[in-house]
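What the coordinates show
Chain by chain, the residues run as shown.
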Amino acid sequence: MTKYFSKLREKEKKINKRRKKRLRNRFLGKKSNDAKASLNSRENNATQKKIDERPLIKLNIDLIKINIKEYTFELINRHFENYSDRFLAHILSQENENKKPITEDILKKYNITKEDRKVAISFFDNFIRCHNINIKCYFSSIYIFDLFLINYSEDDSNQENCRSFFKSKIKNEISEIKIVLLLLCCFYIVAKFYNTKLISIDQLLLLENAKDEYTFDEMNDLINDIIMYTEANICDVNLYIFIEFYLFGIRKRMKQISNDEAFIEQFENSAIHFSIRILQDISVQSVSDSIKALAIILFSFEFTKHSLEKNNAQLNDRFKKWREDLTHSLINYDINGVLKVIQWLNSYMSK
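This structure is a prediction, so every number in the text was calculated from the model and none was measured.

This brings us to the pattern of salt bridges. Inspection of every chain in the model, using the stated rule, returns 11 salt bridges. Taking the shortest distance from any N to any O, the salt bridge between glutamate 244 and lysine 136 comes out at 4.0 Å. In this pair, glutamate 244 sits in helix α12 (residues 239-255) while lysine 136 sits in helix α6 (residues 135-153), placing the two residues 108 residues apart along the sequence. In this structure, aspartate 325 and lysine 321 form a salt bridge, with 2.9 Å as the shortest nitrogen-oxygen distance.

This is the structure:
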């Protein structure tokens, strides 16, 4: 009997000891393993219940992509708006006034005419439109095309090559497809620069009669020659870059006083259209890009007012202020160049 009570007391001591330990742990903010397990179980059950009760969210990936694109575009626009004036001042100061324009004399070295060049560029214009390619690629490709013709012809070792450069392998005459292929090779380089897989050499050779004039290796060699003679200088400022900067500055001023989106949109579309057309003709290429762009903007503004029969005094004042600010910032403002381009545009419209 004594042994029984002795064991009972020992058991009570152990129970009391465990109880004191739990009380001490509770006071110190600790939990026993049993309590932790119990608590975790309750928390897990509660969490699972909330998860089960929560409605399923179906992610619209396309919508997310659109939102991200719009957000990114908004950030770029804000950045561009804050620094566009500095950017414009920089490219105006960096514009190479000694840049050699394409001329009829240079084309004669290749036994081609300005009409041959125009036909190739018109084909490329349709190609860009049909495939909905960014218009920047159009201007950059033509810039590289002209730059190659100029630089290649100035290398004395290429005099004989120039005369036969566009000569057909099949007929003893100039091949239009060879001129087009040279321009498309320039586009191929530009597309690579912008990190887009728009076209391949094999696809270029699918053009009608292309394989009669070039093999794959010859096309690859031509692309390498273009890169070597132009240094793939796609980052050089061209007409479109000035048009883009000018339009941004004007839109920023117009939006402060007018919500006439139809007027602004047609004005911008007209400026791009006239820029595309004027690039196809070499007669005004001696005028610097900044001056050509200014003349095109002036003409497009008046053309839009006339075609929409709108004459907003406030817009006129804002546009006039923009023009005055720009002409003061132009390093080599050339009024004769402006008048020459406007005369060309009037002639183009009369046709």
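Where α12 contacts helix α15 (residues 313-329), the two axes come as close as 10 Å, and the packing angle between them is 140°. Judged by the angle between their axes, α12 and α15 are oblique. Crossing handedness for the pair α12 and α15: right-handed. Of α15, the residues touching α12 (which contributes Tyr246, Gly249, Ile250, Arg253 and Met254) are Leu315, Arg318, Phe319, Trp322, Asp325 and Leu326. Residues belonging to the contact of α12 with α15 are distributed by class as follows: seven nonpolar, one polar and three charged.

As for its position among the elements, aspartate 146 is in helix α6. There is a polar contact of 2.8 Å between the side chain of aspartate 146 and the side chain of arginine 117. In contact with aspartate 146, not counting residues within four places along its chain, are Ile102 and Arg117.

To continue, consider the state of the cysteines. Overall, the coordinates contain zero disulfides when judged by the stated rule. Its sulfur unpaired, cysteine 186 is 7.0 Å from the next cysteine sulfur, which belongs to cysteine 185. According to the relative accessible area criterion, cysteine 186 is buried, its value standing at 0%.

Summed over all chains, the structure comprises 25 aromatic pairs. Seen from their ring centres, tryptophan 344 and tyrosine 348 are 5.6 Å apart, and the 5° between their planes marks the pair as stacked. With a gap of four residues between them, tryptophan 344 and tyrosine 348 both fall in helix α16 (residues 335-350), about one helical turn apart. By relative accessible area, tyrosine 348 is classed as partly exposed at 26%. Each residue in the set Phe242, Tyr246, Phe263, Phe267, Phe301, Phe319 and Trp322 is aromatic and connected to the rest through ring pairs, giving one cluster.

Cut-offs applied
- Residues numbered from 1 in each chain as written.
- Predicted model: local features only at pLDDT ≥ 70, side-chain atom pairs only at ≥ 80, totals over all residues.
- Heavy atoms only, no water.
- Salt bridge = Lys/Arg side-chain N within 4 Å of Asp/Glu carboxyl O.
- Helix = DSSP H or I, 4+ residues; strand = E, 2+ residues; numbered from the N terminus.
- Axes fitted to C-alpha atoms, helices over the stretch in contact; angles between N-to-C directions.
- Parallel < 35°, antiparallel > 145°, perpendicular 65-115°, else oblique.
- Left-handed = near helix turned anticlockwise from the far one by under 90°.
- Contact = heavy atoms within 4.5 Å.
- Nonpolar A, V, L, I, M, F, W, Y, C, P; charged D, E, K, R; others polar.
- Polar contact = N/O pair within 3.5 Å; in protein donor to acceptor, adjacent residues only side chain to side chain.
- Disulfide = S-S within 2.5 Å.
- Buried < 20%, exposed > 50% of the residue type's maximum accessible area, 1.4 Å probe, protein only.
- Phe/Tyr/Trp six-rings, centres within 6.5 Å; stacked < 30°, edge-to-face > 60°.

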